[in-house]
Amino acid sequence: MSNSTKYIFVTGGVTSSLGKGIISASLAKLLQARGFTVTIQKLDPYINVDPGTLNPYEHGECYVTDDGAETDLDLGHYERFLNVPTSQANNVTTGRIYQSVIEKERKGEFLGRTVQVIPHITDEIKNRIKQLGKTGQFQFVITEIGGTVGDIESLPYIEAVRQLKWELGNNCMVIHLTLLPYLSTTGELKTKPTQHSVKVLLEYGVQPDVLVCRTEHPVNKDIRRKLALFCNVAEDSVIEAMDARTIYEVPLLMEKEKLDVIVLKKLGVESQGAPQLDNWRNFLNKFYNPSKEVRIGLIGKYVELKDSYKSISEAFIHAGAVNDCKVQLEWIHSESLTEENIPTKFNGLKGILVAPGFGNRGIEGKILAIKYARENNLPFLGICLGMQCTVIEYARNVIGLRDAHSREMNPATSSPVIDLLENQKSISNLGGTMRLGSYACEVEEGTLASKIYNKKKINERHRHRYEFNNEYKKQFVDAGMVLSGINPDGGLVEIVELPNHPFFIGVQFHPEYKSTVENPHPLFISFVEAALKKA
Ligand code: GLN
């Protein structure tokens, strides 16, 4: 293959939520499985600098990379599919683009010229796209343009694509993901909305090379021919994307439709044979044919929107496949829990996970849930705020510090067992200022954590401001809690656990971000294993 990086853009038409992220990740998987190096980037048209300050109800979970970027949840899919870490460069928002252009303007870098959307904003966008190619690490850069074609806010991105198509020539192509609605009264798939959205793209000067059509019914030859004719694409470049049973099936559906072959041909890249997807197929096989089932409760406060805990639910899918079982997640609102109703609500659950979160709402329900798990030998995993609640519960009910709390929830508590990190005390800006990204943790030998990880030193990703308060360390240890993971640089407590319990562990970091199909996370694997034993 020639040395130049190939750029593939994925745009969306007709409606949002068609799954551009999954299509991008699936194409990337197919190229990777042919031996190419690939990365995926998401451009988000909103003005927030990153999704870190967004409520999960807005765009779902905020995903965190090793280098501490707070990003769109699609980056989680990229990592889960490719098993390659992403970074800050893989997610760019309009806010970030404008921020850097305005910073340059303030420094006087534009030498008195008027700063404009074209060329300054579009140049900044193009640089962000090409930056990934310039690292020399990737043969393919797939860039997903957030939003739907025709939105005012995504216009500068489409314009940048138009310019890059012109600059990069054969090293660049555009895939347009669209919807073919089905009219049940006439029993037909309709192509008109797709024709219109391609017309909008054409108005902006962008001709898509491939149409990927989301559909609930097979796309027959006539429809393919019609779309090809009206949208100026080759007939074999009209790709059917049927609804799949799981997102992990989509690479195989795309392989069947030869999306990888069409892309390689279009970009003039040689590749013989078929993608090597044996491991992927093995995983799917296990996923589809589990011999057992186990019910696990997910206690959180954004349970109405399952995307809020995307990485957690995906990590359970990976860990379920390893354990040859289907994990049936029961989503439980922590605000709904009381001491009285917990035994009924938890009836049949073989384990509970207390989710990450911010703020006071639902906190007491989480603490009650943990108390129940501790006292009833119910396998328990607490993540981030879930770990902090574990500490609070133990302080209150075992050590006897009745007023114990996190200073986040009760600044006036007399026992701040969870407190602000020293270097956080002077911070007033909320965006991008938490303890973010990958940090090392030393695992104490002879503990549950050490059995799970089978390693002395681990690296996990963080996203929090508050922390176990080391002034209480002795009281916890004396009362039987094991502090089994410590950050070697600052002595921060990262893992707490209880012996004499089948599985009771809280982690200050987010293991879910690092679970992938090829590398299911050991904490989730062991947690599911413990839940199965309980069953
Ligand atoms: N709100 C807590 C903190 O900031 C926990 C954050 C989380 O669960 N991600 O420390």
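Relevant structure appears above.
Residues numbered from 1 in each chain as written. Predicted model: local features only at pLDDT ≥ 70, side-chain atom pairs only at ≥ 80, totals over all residues. Heavy atoms only, no water.

**A closer look at the overall build of the protein chain**
Okay, so step 1: Within the protein chain one finds 18 helices and 23 strands.
Okay, so step 2: Along the first, second and third principal axes, the C-alpha atoms of the protein chain reach 75 × 65 × 45 Å.
Okay, so step 3: In the protein chain, buried positions account for 58% of the 535 residues.
Okay, so step 4: Partitioning the intrachain contacts of the protein chain with sequence separation of at least 6 by distance along the chain shows that 73% fall at a separation of at least 24.
Okay, so step 5: The distance from the centre of the 61 positive side-chain charges to the centre of the 64 negative ones in the protein chain is 3 Å. (Helix = DSSP H or I, 4+ residues; strand = E, 2+ residues; numbered from the N terminus. Buried < 20%, exposed > 50% of the residue type's maximum accessible area, 1.4 Å probe, protein only. Contact = heavy atoms within 4.5 Å. Lys, Arg positive; Asp, Glu negative; His and termini not counted. Charge placed at Lys NZ, Arg CZ, Asp CG, Glu CD.)

**Observations regarding the site of the ligand**
Okay, so step 1: What surrounds the ligand is the set Pro356, Gly357, Phe358, Cys384, Leu385, Gln388, Glu408, Arg463, His464, Arg465, Tyr466 and His510.
Okay, so step 2: Between a nitrogen atom of the ligand and a side-chain N or O atom of Glu408, the distance comes to 2.7 Å.
Okay, so step 3: Between the ligand and the protein, one listed contact pairs a nitrogen atom with a side-chain N or O atom of His510 at 3.3 Å.
Okay, so step 4: Considering the ligand on its own, with 300 Å² of exposed area, one finds that the protein chains cover 98% of that surface.
Okay, so step 5: Of the residues contributing to the shell around the ligand, the split by class is 5 nonpolar, 4 polar and 3 charged. (Near = heavy atom within 4 Å. Polar contact = N/O pair within 3.5 Å; in protein donor to acceptor, adjacent residues only side chain to side chain. Areas by Shrake-Rupley, 256 points an atom, 1.4 Å probe, with all protein chains shown as cover. Nonpolar A, V, L, I, M, F, W, Y, C, P; charged D, E, K, R; others polar.)

**Some remarks on unusual backbone geometry**
Okay, so step 1: Look at the link from Ile118 to Pro119: it is a cis peptide, with omega at 15°.
Okay, so step 2: Structurally, Pro119 is set in helix 5 (residues 117–134).
Okay, so step 3: Of note, the phi angle at Asp324 is positive, near 55°, even though the residue is not glycine.
Okay, so step 4: Within the secondary structure layout, Asp324 lies in the loop between helix 12 (310–322) and strand 13 (325–333).
Okay, so step 5: Classification of Asp324 by relative accessible area gives partly exposed; the value is 27%.
Okay, so step 6: Phi at Asn454 is positive, roughly 55°, even though this residue is not glycine.
Okay, so step 7: One can find Asn454 in the loop between helix 16 (448–453) and strand 19 (457–464).

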